[in-house]
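The lines below spell out each chain.
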Amino acid sequence: MTTINRLRQSYRTKKRHPAELISGLFKQIKKLNPQLNAYLTLNEELALKQANELKNFDLPLAGIPIAIKDNFCTKDLRTTASAKLLDDFVPPYDATVIKKLKDNGAIIIGKTNMDAWAHGSSTETSDYGPTTNPYDLNRLPGGSSGGSAAAVASGLPPFALGSETAGSIRQPAAWCGVVGLKPTYGRVSRYGLIAMGSSLDCPGPLTRHVEDAALLLGLLAGYDKYDATSTKEPVDNYLKALKAKRKFTLGISDDYFEGVDSKIINEFMKAKRILEKLGHNFKKIKLINPKYSISLYTILQRAEVSSNLCRYDGVRFGKPRSSFSQQAKRRMMLGAFTLSVGYYDAYYLKAQKIRTLIINNFKEAFKQVDLIVAPTTPVTALKLGESETNPMFGEVMDQLIEASSIAGLPGINLPIGLQQGLPVGLQIFGPHLSETEIIDLAKQYEDETAFYQIKPSDFYEI
Amino acid sequence: MKTKPLFIKLSHPIFMKYKTIIGLETHVELATESKMFCGCSGNYFGQSPNSQVCPVCLGLPGALPVPNEQAIKWTVLIGLALNCQINLSSYFERKHYFYPDLPKGYQISQYAKPLCQNGYLMVNNRKIRINRVHLEEDTGKLLHGQQFNDKGSYIDFNRSGVPLVEIVTEPDVESAPQAAKYLKQLQLIIQYLNVSDCDMEKGSMRCEPNISVVNYNSWQKNQQLPDYKVEVKNINSFRFVQQAIAFEEERQALLLDKNQQPKQETRRYLESKRQTEAMRSKEFAQDYRYFPEPDIPPLELNPTLIQKLNKQLQTIDLPTQRLEKLMKDYGLSSETALVLTENKKLGDNYLRLVKNSQDLDKTKLANLLINKKIAADLNPDDFFTQAKHLLSKKNIDQATFDQTIEKVIIDNPKAVADYRQGKQTALQFLLGQCLRTLGRQIEVEQLKHLLVEKLALKK
């Protein structure tokens, strides 16, 4: 049951040395990656060098291995966003979150696979082939942070950085049975994160323990002078939140069960009873049906995508525009259309208005309840190939998450059990900057269920 | 190709028949220390290519823009000086187009809500309305192969992201000289605000006139703008602005003479030919797909900031105020005052130096500076000493010199004889006698020269 703090403890007491741990980790990654395809680029040489030279374990992440989604710019380490167009792009700078991880002593193991440009919820649209689900290699890990989720689920290592626009941390976390924490928009700097939907993008940790997610968030969060959308609000003490054990009023909305697989609902009901047993109250609330957020999200996100991808014009990154995949081209065309003269008002502007409605809807709801709980996904991990036939695959798989993402709200996925051998997830989300409350509730649930004991057969204990 | 005549005589019939409608778009690069959205130096002039760049102004994946507060304040200051309304709520938008010098594929600009709107500038008692003053970023610079002896094209991103203010007039300008006058005045105001050097040649000020020639009578009747206008690019001096407009006036008039409607298009000015030439058709407005820049929160300006900037503006002498001051307080002629107003640096030096030279003639001091008889970059004390020396010289005409010297020679035969026998002290004596008559404040060397000459003659 390795947590960051336990690992550090074992380093400090000289029970273990990071060099031995890291080399063992790479050995296992090399063994499993041919079937998992979780990693696109390994940082082996540098990681081992860094581990070997480590003497001081004072830094909070000293010698802690971490996997990085491939849309975070890492200085001198290839960064592709799983797009062939950036096949040979080696950033000359570190994303703010990468700098923070490095400054805190973390060792970057490698860059993980994802949907190309983060366009998807399957990791199947990666230009480097899909990642597979550690629980069933014929199934998808979800996405777009599928590589990070699969790595964490397999313990390779159990700590990773992902990013979410609307579901890309929580949905793969649900399908791979790990903790995935998506912070409030602006809580964690986006500087150096290859933009997808700029008004939604958010970096966040994927871990096996709530404690690790809380610890990582505490180190990553904070105002960044390089990101004008990052918030200046002070960062809460998330580690303190782990011990707060407050009782909450939890909202539950019928709209969040529409079209959800009955096996998932069953599993959710068990989790609900556990939360009740822990002393939390449930209250039925009425929310805007999340299905409406699909069209809204599609318009806003495609518009931003069409703009954000303009810089890959073939002038500076070596690869021509023809190397964009189908999915990216589709998104760019749709986005450019909704921003065109004569259509802007009907699509983009209208979507922004509905966004305001959704934000206000949640604001009203959070006057009645502290947090909202719901299933994370409508189904468990689907088979490889299932995303290819459905261009709206991602939007449908993320439909229970999108509304809260559109409102910029924080949320977490917790594993609550297995159905036919596949992980089921529960999500908790709350008002702006309610990470403390979310972590508090998640930790109480974790303490009660020890869900981290659920793991795939190939799980590697570092 | 035959070059067409450029200026048309006022008696030409087209002046009765047609009216020119001109709107001016002016871009001014702000002289902020850093660029608009990153910390790179904005002073790119003369720097080696791509030496002042970072992930942000190169548009690298993941990089984000953070707006430069100084640039926002300076834009508001320009807006206030141009009598604009300031939008307390404003925001940046993305303007999309593909061009190799635009690294992100879009320019961060302002569209629906510019920082400043609805102002005006008085030009020769005529009100030129300002539609908007907004803030955006400059592009990189393309360099084509010839310079490197190959066929390639190169991009220098040093200029990419330099803050750029765009000032757009209503179509209120009626002639080429008026356009030039407006531009000169705009340039001076911005120079006086100390926010840009506005150097057309260096490209820190650029102007694009939009010109439509219309039938005078129909304009008189309905005052309606025609559905064509010609934008002229690539102009880098006030003179060329006038030449380009004059050329367009004739070109469009000749088309209208033939009952042809001028095409809506962008043309480029060619200095060598003194002509404009078609660049691209503008019949269909380009779709820039504007939308609010999601990387930058909306700008909410504090009313007290506007008050502060307004106060700051009150303390700055603008060109009209300086002109008035120089005439009223310093007693300069309008011509002299104008020179010191239009050459801001010279005027600055004059005002700085004249303070310490109170008992000297202010007009003469001005002329010394204007005629470069004295260095302008002196410290006030040295300036005073030098100026005093220069100004105290009397202008004595040749005849007076001659008379005086001759009289001294006649009155002092002994000294003259001594001198002629080689006694140099005698020369000093004679010189002293001349000075006694002429006064001391003359060019002694010149007098000595003349005296020696005369003494030699009378031998």
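Residues numbered from 1 in each chain as written. Chains lettered and ligands numbered in written order. Predicted model: local features only at pLDDT ≥ 70, side-chain atom pairs only at ≥ 80, totals over all residues. Heavy atoms only, no water.

**Student:** Outline the overall build of chain B, supporting the account with residue identities and numerical values.
**Tutor:** Across its full length, chain B carries 15 helices and 16 strands. Radius of gyration (C-alpha) of chain B: 30 Å, far over the 23 Å computed for a compact globule of 459 residues. With respect to the principal axes defined by its C-alpha atoms, chain B has extents near 100 × 55 × 55 Å. Here chain B holds 459 residues, and 50% of them are scored as buried. For chain B, the exposed surface amounts to about 23400 Å²; the carbon and sulfur share of it is 49%. Positive and negative side-chain charges in chain B, numbering 62 and 52 respectively, have mean positions lying 5 Å apart. (Helix = DSSP H or I, 4+ residues; strand = E, 2+ residues; numbered from the N terminus. Rg over C-alpha atoms; globule rule 2.2 N^0.38 Å. Buried < 20%, exposed > 50% of the residue type's maximum accessible area, 1.4 Å probe, protein only. Areas by Shrake-Rupley, 256 points an atom, 1.4 Å probe, with all protein chains shown as cover. Lys, Arg positive; Asp, Glu negative; His and termini not counted. Charge placed at Lys NZ, Arg CZ, Asp CG, Glu CD.)

**Student:** Report on the interface of chain B and chain A, specifying residues and quantitative values.
**Tutor:** Facing the 32 residues of chain B at the interface are 36 residues of chain A. The largest share of the area that chain B buries against chain A comes from Pro61(B), Leu64(B) and Arg289(B), three residues that together contribute 24% of it. Linking chain B to chain A there are one salt bridge. Of the charged contacts in the structure, one is a salt bridge between Arg190(A) and Asp295(B), with a shortest N-O distance of 3.0 Å. Here chain B is connected to chain A by 14 residue pairs in polar contact (both at pLDDT 80 or more). (Contact = heavy atoms within 4.5 Å. Buried area = accessible area lost by both parts, 1.4 Å probe. Salt bridge = Lys/Arg side-chain N within 4 Å of Asp/Glu carboxyl O. Polar contact = N/O pair within 3.5 Å; in protein donor to acceptor, adjacent residues only side chain to side chain.)

**Student:** Outline the sheet that holds strand β9 (residues 371–375) of chain A, listing residues and values.
**Tutor:** Residues and elements named next belong to chain A. Taken in spatial order, the 11 strands make up an open sheet running β1-β3-β2-β4-β6-β5-β10-β11-β9-β7-β8, and their pairing is mixed. This sheet does not close on itself; its edge strands, each paired only once, are β1 (39–42) and β8 (281–284). When the angles between neighbouring strand axes are averaged without regard to direction, this sheet yields 30 degrees. As paired strands, strand β10 (residues 411–419) and strand β11 (residues 422–429) are joined by eight bridges and run antiparallel to one another. The partner of leucine 414 across the bridge, within β11, is leucine 426. (Pairing = 2+ DSSP bridges. Axes fitted to C-alpha atoms, helices over the stretch in contact; angles between N-to-C directions.)

**Student:** An account of the UniProt feature "domain: Amidase" (unreviewed entry) in chain A is requested, with residue identities and associated values reported.
**Tutor:** With numbering matched to this structure, UniProt assigns "domain: Amidase" (unreviewed entry) to residues 20–438 of chain A. Counted over residues 20–438 of chain A, helix gives 37% and strand 15%. Its end C-alpha atoms are 35 Å apart. (UniProt positions renumbered as here; feature names shortened; annotations may be inferred.)

**Student:** Describe the confidence of the model for chain B, listing the residues and the values that go with them.
**Tutor:** Within chain B, residue pLDDT values average 89, and 93% of them lie at 70 or more. Listed scores for the predicted complex are pTM 0.89 and ipTM 0.96. (pLDDT = per-residue confidence, 0-100.)

**Student:** Got a sec to walk through the pattern of salt bridges? Specific residues and values, please.
**Tutor:** Scanning the model with the defined rule gives 52 salt bridges over all chains in all. Where Asp254(A) meets Lys284(A), a salt bridge forms, and the shortest distance between an N and an O atom there is 2.9 Å. Of this pair, Asp254(A) sits in the loop between β7 (249–252) and α9 (262–277) while Lys284(A) sits in strand β8, placing them 30 residues apart in sequence. Exposure class is identical for Asp254(A) and Lys284(A). Each is exposed. Between Glu231(B) and Lys233(B) there is a salt bridge, and its shortest N-O distance comes to 3.3 Å.

**Student:** Any chance you could break down the domain arrangement of chain B for me, citing the residues and the numbers?
**Tutor:** Residue and element names in this part refer to chain B. On domain assignment, one finds that chain B holds domain 1 (14–300), domain 2 (317–392) and domain 3 (398–457). The C-alpha-based centres of domain 1 and domain 2 are spaced at 35 Å. Of the roughly 730 Å² buried where domain 1 meets domain 2, counting both sides, 69% is carbon and sulfur surface. On the domain 1 side of the contact with domain 2, Lys184, Leu188 and Tyr192 bury the most area, a combined 69% of that side's loss. (Domains from an automatic or database assignment.)

**Student:** Break down unusual backbone geometry for me, citing the residues and quoting the values.
**Tutor:** In this model, Gly143(A) is joined to Ser144(A) through a cis peptide bond whose omega is 15 degrees. Locating Ser144(A) in the fold gives a position in the loop between β3 (107–112) and α5 (146–154). Cis peptide bonds are those with omega within 30 degrees of zero, and the linkage from Leu156(A) to Pro157(A) qualifies with -10 degrees. Tracing the chain through its elements places Pro157(A) in the loop between α5 and β4 (159–164). Notably, Leu433(A) is not glycine yet its phi reads approximately 60 degrees, a positive angle. With a relative accessible area of 25%, Leu433(A) lands in the partly exposed category. In this model, Asn125(B) sits at a positive phi of 65 degrees, which is unusual for a non-glycine residue. In this structure Asn125(B) comes out as exposed when scored by relative accessible area, which is 76%.

**Student:** Lay out helix α10 (residues 292–308) of chain A with the relevant residues and their values.
**Tutor:** Since the α-helix advances by 3.6 residues per turn, residues separated by three or four positions end up pointing in the same direction. Taking 1.5 Å of rise per residue, 17 residues should cover 24 Å, and α10(A) covers 25 Å from first to last C-alpha, within 8% of that figure. Counting buried residues along α10(A), 15 of its 17 residues qualify, which places the element largely inside the surrounding structure. (Expected span 1.5 Å × (residues − 1).)

**Student:** Residue-level account of the packing of helix α3 (residues 176–192) of chain B against helix α8 (residues 334–342) of chain B, with values.
**Tutor:** Running from N to C, α3(B) and α8(B) cross one another at 65 degrees; their axes reach a closest spacing of 10 Å. Across from Lys184(B), Leu188(B) and Tyr192(B) in α3(B), the residues of α8(B) making contact are Leu340(B), Thr341(B) and Glu342(B).

**Student:** Requested: an account of empty space enclosed by the protein, with residues and values cited.
**Tutor:** Residue and element names in this part refer to chain B. Within this structure, the stated rule accounts for eight cavities of 30 Å³ or more. If you trace the largest cavity, you find 16 residues lining it, with Phe37, Val56, Cys57, Pro65 and Lys104 closest to the centre. Per-class residue counts for the lining of the largest cavity are 10 nonpolar, two polar and four charged. (1 Å grid on protein atoms, 1.4 Å probe; cavity = no way out; pocket = protein on both sides within 12 Å on 5 of 7 lines; lining within 4 Å. Points joined across faces, edges and corners; volume = space filled by probe spheres on them. Nonpolar A, V, L, I, M, F, W, Y, C, P; charged D, E, K, R; others polar.)

**Student:** Lay out a nonpolar patch on the surface with the relevant residues and their values.
**Tutor:** Residues Ile288(A), Tyr292(A), Ile354(A) and Leu357(A) make up a contiguous nonpolar surface patch of roughly 360 Å² in combined accessible area. Mapped onto the secondary structure, Ile354(A) falls in helix α12 (residues 345–368). (Patch = residues over 30% accessible without salt bridge, like charges linked within 9 Å, V, L, I, M, F, W, Y side chains within 5 Å.)

**Student:** Give me the side chain of Glu93(B): which residues, what numbers.
**Tutor:** Within the secondary structure layout, Glu93(B) lies in strand β4 (residues 93–96). The side chain of Glu93(B) is buried and forms no salt bridge, while Arg132(B), the nearest opposite charge, is found at 7.1 Å.

**Student:** How would you explain the state of the cysteines if you had to name every residue and give the values?
**Tutor:** Covalent bonding between the sulfur atoms of two cysteines is what defines a disulfide. This structure, assessed with the given rule, holds zero disulfides over all chains. The thiol of Cys73(A) is not disulfide-bonded; the next cysteine sulfur, from Cys54(B), is found 13 Å away. Just so you know, Cys198(B) is unpaired, no disulfide at all, and the nearest cysteine sulfur is the one on Cys207(B), 12 Å from it. For Cys198(B), a relative accessible area of 0% corresponds to the buried category. (Disulfide = S-S within 2.5 Å.)

**Student:** Go over the nonpolar core with me, naming the residues and quoting the values.
**Tutor:** Buried together is how nonpolar side chains tend to be arranged in soluble globular proteins. Core analysis: the largest hydrophobic core is formed by 212 residues, its most contacted members being Trp117(A), Phe362(A) and Ile167(B). Ranked by the residues each element gives to this core, the list is headed by α3(B), at nine residues. With near-sequence residues (within four places) excluded, Trp117(A) lies in contact with Ala81(A), Ala83(A), Leu85(A), Leu86(A), Ile194(A), Met196(A), Leu309(A), Tyr312(A), Phe324(A) and Ala328(A). Counting 19 residues, the second-largest nonpolar core is a separate cluster that includes Leu326(B), Leu340(B), Leu353(B) and Leu368(B). (Core = buried A, V, L, I, M, F, W, Y, C linked by side-chain atoms within 4.5 Å.)

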